[in-house]
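# What the coordinates show
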Amino acid sequence: MNIKIFDSLKGQLVDFKPIQKDKVTMYVCGPTIYNYVHVGNARPMIVFDAFRRFLEYSGYKVVMVQNFTDIDDKLINKANEDGTTIDVIANRFINEYYRDALKLGVRSANFHPKTTDYVPQIIEFIKTLIEKGYAYEAKNHDVYFNVRKFKKYGELSHRKVDDMRAGSRIEVNSDKKDPLDFTLWKTSKKGEPFWDSPWGKGRPGWHIECSVMSTELLGDTFDIHAGGNDLIFPHHENERAQSLAKTGKEFANYWMHNGMIKSSGDKMSKSIGNIWLVRELLENFDADTVKFFILSKHYRAPLEFSEEGLISQNKSVVRIKETLKKVEEKYDNYVPNINCSKNMKEIIEEANKYLSDDFNTPRVIAMIFDLSKELNKAINDNEEKKILEIYHLIKNNLGPILGLFEVPENSSGGENIVDFLIQEHIQIRNQARENKDFDTADKIRDDLSKKGIILKDTPDGTEYSIKNKQ
Ligand SMILES: Nc1ncnc2c1ncn2[C@@H]1O[C@H](COP(=O)(O)OP(=O)(O)OP(=O)(O)O)[C@@H](O)[C@H]1O
Ligand SMILES: [Zn+2]
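This one's a predicted model, so the numbers in the text were calculated from it and none came from an experiment. (Residues numbered from 1 in each chain as written. Chains lettered and ligands numbered in written order. Predicted model: local features only at pLDDT ≥ 70, side-chain atom pairs only at ≥ 80, totals over all residues. Heavy atoms only, no water.)

Here the UniProt-annotated "binding site: ATP" (unreviewed entry) positions come out as Lys-270. When its relative accessible area of 18% is taken as the criterion, Lys-270 is described as buried. Leave out the neighbours within four places in its chain, and Lys-270 touches Thr-32, Tyr-34, Asn-35, His-38, Asn-41 and Ile-275. Of the polar contacts made by the side chain of Lys-270, one reaches the backbone oxygen of Thr-32; its length is 3.4 Å. (UniProt positions renumbered as here; feature names shortened; annotations may be inferred. Buried < 20%, exposed > 50% of the residue type's maximum accessible area, 1.4 Å probe, protein only. Contact = heavy atoms within 4.5 Å. Polar contact = N/O pair within 3.5 Å; in protein donor to acceptor, adjacent residues only side chain to side chain.)

Moving on, we get to the domain arrangement of the chain. Domain parsing of the chain yields domain 1 (4-262), domain 2 (313-402) and domain 3 (417-466). The partner domain 2 presents 11 residues to the 10 residues of domain 1 that form the contact. Of all residues in domain 1, Lys-4, Phe-54 and Tyr-57 give up the largest surface area on contact with domain 2, accounting jointly for 56% of the area buried on that side. Between the two partners, domain 1 and domain 2, sit 0 salt bridges. Applying the counting rule to domain 1 against domain 2 returns 4 residue pairs in polar contact (both at pLDDT 80 or more). Here the side of domain 1 that touches domain 2 takes 6 residues from helix α1 (residues 39-57), the largest share from any one element. For the side of domain 1 that touches domain 2, a count of residues per class yields 8 nonpolar, no polar and 2 charged. (Domains from an automatic or database assignment. Buried area = accessible area lost by both parts, 1.4 Å probe. Salt bridge = Lys/Arg side-chain N within 4 Å of Asp/Glu carboxyl O. Helix = DSSP H or I, 4+ residues; strand = E, 2+ residues; numbered from the N terminus. Nonpolar A, V, L, I, M, F, W, Y, C, P; charged D, E, K, R; others polar.)

In this structure, strand β14 (residues 453-458) lies alongside strand β15 (residues 461-466), joined through 6 bridges in antiparallel fashion. Bridging from a neighbouring strand, Asp-457 pairs with Thr-462 of β15. What sits between β14 and β15 in their antiparallel hairpin is a turn of 2 residues. (Pairing = 2+ DSSP bridges.)

A separate point is the environment of Ala-301. Along the chain, Ala-301 turns up in the loop between α9 (287-295) and β13 (303-304). Judged by its relative accessible area of 22%, Ala-301 falls in the partly exposed class. On a C-alpha basis, the gap between Ala-301 and Ile-89 in space is 33 Å, while along the polypeptide they are 212 residues apart. Other than its neighbours up to four places away in sequence, Ala-301 contacts Arg-43 and Gly-259.

A few words now on the UniProt feature "short sequence motif: 'HIGH' region" (unreviewed entry) in the chain. Listed under "short sequence motif: 'HIGH' region" (unreviewed entry) in the UniProt record, and renumbered for this structure, are residues 31-41. Along residues 31-41 the backbone is 27% helical and 0% strand, and the end-to-end C-alpha distance reaches 7 Å.

The next point concerns the coordination of the zinc ion (ligand 2). Distances from the zinc ion (ligand 2) to its protein donors, namely Cys-29 (SG), Cys-210 (SG), His-235 (NE2) and Glu-239 (OE), fall within the range 2.1 to 2.8 Å. Given 4 donor atoms and angles of 70 to 128° at the metal, the environment of the zinc ion (ligand 2) is assigned as irregular. As a motif over one chain, the donors of the zinc ion (ligand 2) read C-x180-C-x24-H-x3-E. With Cys-210 in helix α6 (residues 206-218) and Glu-239 in helix α7 (residues 232-247), the pair connects residues that are 29 residues apart, well separated along the chain. By the burial criterion, Cys-210 is buried, and Glu-239 matches it. (Donors = N, O, S within 2.8 Å, 3.2 Å for Na, K, Ca; no water. Tetrahedral: all angles 85-135°; square planar, octahedral: opposite > 155°, others 65-115°.)

A few words now on helix α2 (residues 73-81). Each α-helix turn comprises 3.6 residues. Residues three or four places apart therefore point the same way. Restricting attention to buried positions, one finds in α2 the residues Leu-75, Ile-76, Lys-78 and Ala-79. Take α2 and look down its axis: the buried residues cluster within an arc of 165°, on one side only. Of the exposed residues in α2, those oriented more than 90 degrees away from the buried face are Asn-80 and Glu-81. In this structure Asp-72 caps α2, since a side-chain oxygen of it lies 2.8 Å from the backbone nitrogen of Lys-74. Of the residues one or two after α2, Gly-83 is the one with positive phi, at around 60°. (Arc of directions from axis to C-beta.)

When pLDDT drops low, the exact placement of atoms in the prediction is not to be read closely. Counting all residues, the mean pLDDT for the chain is 93, and 96% of those residues have values of 70 or more. The low-confidence segment residues 410-414 (pLDDT under 50) makes 9 contacts with residues lying over four places distant or belonging to another chain. In the predicted complex, the global pTM is 0.87; the interface-specific ipTM is 0.97. (pLDDT = per-residue confidence, 0-100.)

Spelled out as structure tokens, the structure:
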């Protein structure tokens, strides 16, 4: 089937044709490693992991690279705060990244390069840009990219250079020739980490790392460059400028960008601090709930994060999993295989059609919900063939295309979801008591008690115990 994706550079849906017939090369901008990953960072992780699975399901071999930014002001600040070095911070949070990704059921990329492992290549890249006249060393020994020289600047973010220039302020004491020029190499301040270079002791600017690591691992031109749409400008615009300037060839043939996850109306971001960590969520919800929550919305649309949204998603996901479990129990955990019927083929084709249309995962998620309802009905009606067909459709076809139903249940959530929900009730009850709304407070206590959950108010707060635990 012909796959169409929205290409941010062309600003429209385009037919996807990889450079090699049966292989796709893909680079995704990864996190700056100075904290645990949050739900915002999890969106590109989940979306592009699912997209990679869809490409594989469609018959492509995919080579995927996702970097770790392990040198940057925020990392240096964190290292200073903790009285340690940036590599200690980076190694710690890279390990934590893998832990979260594993729990989330996000596969590792084929390569996870770190910026500091590519400093010699970065220096070579910058030297070539200087030789070609696209970069210059300023008086302060910083090296800048010369935006005036690169005529295609602004194409990716659809901005006009003159407008950007009019809107930018000249920084005080700047050595730049043009306010839009951006840093390729930064002279290190006293006490900061540094590498020796032809321009003195310094470190790479932010954008250059991705140009270098992507082309080193995937070639001068590769198929897809992906990341959050917060990176289109300046990060991806600058990556593209550097790479085209150096090689004279197109850099990425397609640019895919996910929309932002928002929290209280703002982009969820470490720097703003309005974050929900992936590991916090996984204490209370299982990986499939988080994946359903993210994949239920089209990847380019903004998505407001809310606990309520997740709780309601969780209910639906638990229902689907219970239905699948019923089938597994019926067959003593060995659900017999079944030949692909005409009906199954049509449903798989329908899912493929949606995913080939700019990766429309919400439609496929809706199909899974509908199928699960049908499965429940088939179980009640004891329709053997239908049960097996739908089970295999959900569990072995539509689910795996998106990476669903893979993480074993006991690796997250479970007991904790119960605890989480009871704690939520206790908090609402406490709030009611504070507001002297004793009717509501008593109703919550009585309703919980009917379910066998007994609350006890102690000087240290409210405790609970569960009678008749199911
Ligand atoms: N709220 C968000 N929603 C969707 N994607 C996001 C969000 N925040 C970051 N990303 C994406 O996550 C990846 C890692 O980004 P990064 O480490 O820069 O995160 P960040 O929280 O924005 O960091 P910072 O606060 O330091 O700017 C990038 O692809 C980025 O586009
Ligand atoms: Zn990048």
